[in-house]
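Here is what each chain is made of, one letter per residue.
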Amino acid sequence: MFADLHLHTNFSDGTYSPEELALEGKKHELSAMSLTDHDTVEGCARMAAACAANGIEFISGTELTAEQKGIELHLLSYHVALDNPKFLAEVGKFQKVRQERIREMVARLNQLDVPLQVETVFAIANCRSPGRPHVARALVQGGFCRTLDEAFERFLKVNRPAWVPKFKMSALDAIELIHQAGGVAVMAHPGLNRSDEVIPPMVEAGLDGIECFHSKHTPSATRRYLEMAAQKNLLITGGSDCHGMNKGKPLIGSVKLPYQYVKKLGAKAAEYQARSAKTRATVATRD
Ligand code: AMP
Ligand code: ZN
Ligand code: FE
Ligand code: FE
């Protein structure tokens, strides 16, 4: 039995709907799937229903944009309570900032004599958590760039003329936010970060796991993080980071996480959920 715990839909910058993604999961014979859209859990309800319809176990998730010592990193949250008010308020802030960032990127493009309209980007994005891939798609559809890669290379990559920095939450605060929502905090694709120095302070702050298996990890990166997980007693997760047709070919199926890791993840979440239920009970008694 295998799982894919890192997937995106059109609730952020993926191209599949939750229903299409669940069907892909079934095609690849996945036993469990998690939806980890950027800075949103909005797609989780539909994904849960679609997975149930296909006999697939669903694990709620998100991929939060965070930072540690000025370095951007992504934190995966698993098993968060989808109605946790604090969690929803925080991701809501992220979404607002993402929308403002799209306006700023389009304004910069306009200054560069690229007459792209912000409404066009929002129509393509059609979600509350838009990002650079949506601007890239708009640039291609408008005939301003030939490919998505060209759009990133010419305009959208770090330090290119239409690049706008993204709001990031402190990784340590993000870990706390995930835990109070009964979720498990996992560092996404550590092999894509330039340095591992960000990891120890996060472990100290309660980081629960690292994503050892990822479609962009080299075999040696996977080995390195498996060793690190063993050393630091961290959970091991993995996923394809499939964005649908965004990057050419869909990546789902390229990473198959053995189901034993899904079980361990669930056990950890149960611990946090028991703890937060206890806190709620104490508060209720006090009231
Ligand atoms: P954002 O969250 O708005 O900063 O956008 C980040 C997203 O852009 C991630 O999903 C990246 O994988 C994607 N991305 C970065 N570079 C490229 C590229 N050259 N072509 C397509 N997508 C990219
Ligand atoms: Zn993405
Ligand atoms: Fe990521
Ligand atoms: Fe991702």
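So, how was this worked out
- Residues numbered from 1 in each chain as written.
- Chains lettered and ligands numbered in written order.
- Predicted model: local features only at pLDDT ≥ 70, side-chain atom pairs only at ≥ 80, totals over all residues.
- Heavy atoms only, no water.
- Donors = N, O, S within 2.8 Å, 3.2 Å for Na, K, Ca; no water.
- Helix = DSSP H or I, 4+ residues; strand = E, 2+ residues; numbered from the N terminus.
- Buried < 20%, exposed > 50% of the residue type's maximum accessible area, 1.4 Å probe, protein only.
- Pairing = 2+ DSSP bridges.
- Core = buried A, V, L, I, M, F, W, Y, C linked by side-chain atoms within 4.5 Å.
- Contact = heavy atoms within 4.5 Å.
- Domains from an automatic or database assignment.
- Buried area = accessible area lost by both parts, 1.4 Å probe.
- Salt bridge = Lys/Arg side-chain N within 4 Å of Asp/Glu carboxyl O.
- Axes fitted to C-alpha atoms, helices over the stretch in contact; angles between N-to-C directions.
- Left-handed = near helix turned anticlockwise from the far one by under 90°.
- Expected span 1.5 Å × (residues − 1).
- Arc of directions from axis to C-beta.

The next point concerns the coordination of the zinc ion (ligand 2). Distances from the zinc ion (ligand 2) to its protein donors, Asp13 (OD), Asp13 (OD), His38 (NE2) and His243 (NE2), fall at 1.9 to 2.6 Å. Mapped onto the sequence, the residues coordinating the zinc ion (ligand 2) show the spacing D-x24-H-x204-H. A distance of 4.7 Å spans the gap from the zinc ion (ligand 2) to the iron ion (ligand 4). Of this pair, Asp13 sits in the loop between β1 (2-4) and α1 (18-27) while His243 sits in the loop between β9 (235-239) and β10 (257-258), placing them 230 residues apart in sequence. A relative accessible area of 9% means that Asp13 is categorised as buried. What makes His243 buried here is its relative accessible area of 6%.

Turning our eyes to something else, we now look at the sheet that holds strand β4 (residues 61-68). Strands pair in a sheet through their backbones, by hydrogen bonds, and they do so in one of two ways: parallel or antiparallel. Read from one edge to the other, the open sheet built from six strands follows the order β6-β4-β5-β7-β8-β9, with strand pairing classed as mixed. Strands with a single pairing partner mark the edges of an open sheet, and in this sheet they are β6 (169-170) and β9. With five bridges joining them, strand β8 (residues 209-214) and β9 adopt parallel strand pairing. In the strand pairing of β9, Phe213 is matched with Gly238.

Core analysis: the largest hydrophobic core is formed by 62 residues, its most contacted members being Met33, Leu75, Phe87, Met202 and Ile210. It is helix α10 (residues 259-286) that provides the largest number of residues to this core, a total of six residues. Ignoring sequence-local partners within four residues, the contact set of Leu75 consists of Thr62, Glu63, Leu64, Ala66, Ala171, Ala174, Ile175, Val186, Met187, Met202 and Leu207.

It is worth spelling out the domain arrangement of the protein chain at this point. For the protein chain, the domain assignment lists domain 1 (2-90 + 169-286) and domain 2 (92-156). One C-alpha centre belongs to domain 1, the other to domain 2, and the line joining them spans 26 Å. Counting residues at the interface gives 17 residues for domain 1, matched by 13 residues for domain 2. Summing both sides of the interface, domain 1 and domain 2 together bury roughly 1,200 Å²; the carbon and sulfur share of this comes to 42%. Per-residue buried area on domain 1 facing domain 2 is highest for Asp39, Glu90 and Asn246; these three make up 39% of the total on that side. Along the contact surface separating domain 1 from domain 2 lie three salt bridges. In this structure, Lys93 engages Glu90 in a salt bridge whose closest nitrogen and oxygen atoms are separated by 3.0 Å.

Time to look at helix α7 (residues 171-180). Here α7 has its buried residues at Ala171, Ala174, Ile175, Leu177, Ile178 and His179. Just downstream of α7 lies Gly182, where phi reads positive at about 75°.

For the pair α1 and helix α2 (residues 44-53), interaxial distance at closest approach is 8 Å and the crossing angle is 35°. As for how α1 packs across α2, the hand of that crossing is right-handed. Contacts from Pro18, Glu19, Leu21 and Ala22 in α1 reach Arg46, Met47, Ala50 and Cys51 in α2.

Angles at a metal have ideal values that depend on geometry: 109.5 degrees with four tetrahedral donors, 90 or 180 degrees with six octahedral donors. Bound to the iron ion (ligand 3) are the protein donor atoms Glu63 (OE), His74 (ND1) and His189 (NE2), situated 2.0 to 2.2 Å from the metal. The iron ion (ligand 4) is placed at 3.6 Å from the iron ion (ligand 3), the two being bridged by Glu63. Taken together, the positions of Glu63 in strand β4 and His189 in the loop between β7 (184-187) and α8 (199-204) put the pair 126 residues apart, joining distant regions of the chain. Across the pair, exposure class does not vary: Glu63 and His189 are buried alike.

In this structure, Asp39 takes a positive phi of about 55° despite not being glycine. Tracing the chain through its elements places Asp39 in the loop between β2 (32-34) and α2. In this model, His189 sits at a positive phi of 25°, which is unusual for a non-glycine residue. Look at His189 and you get buried, because its relative accessible area is 8%.

When the terminal C-alpha atoms of helix α9 (residues 219-232) are compared, their 20 Å separation across 14 residues agrees well with the 20 Å that a helix rising 1.5 Å per residue should span. If you check which residues of α9 are buried, you get Ala221, Thr222, Tyr225, Met228 and Ala229. Looking straight down α9, one finds that the buried residues subtend no more than 125° of arc, so they occupy a single side. Residues of α9 that are exposed and point over 90 degrees away from its buried face: Pro219, Arg223, Glu227, Ala230 and Gln231. On the buried face of α9, the contacting elements are α8, β8 and β9. Positive phi shows up at Asn233, right after α9, with a value of about 55°.

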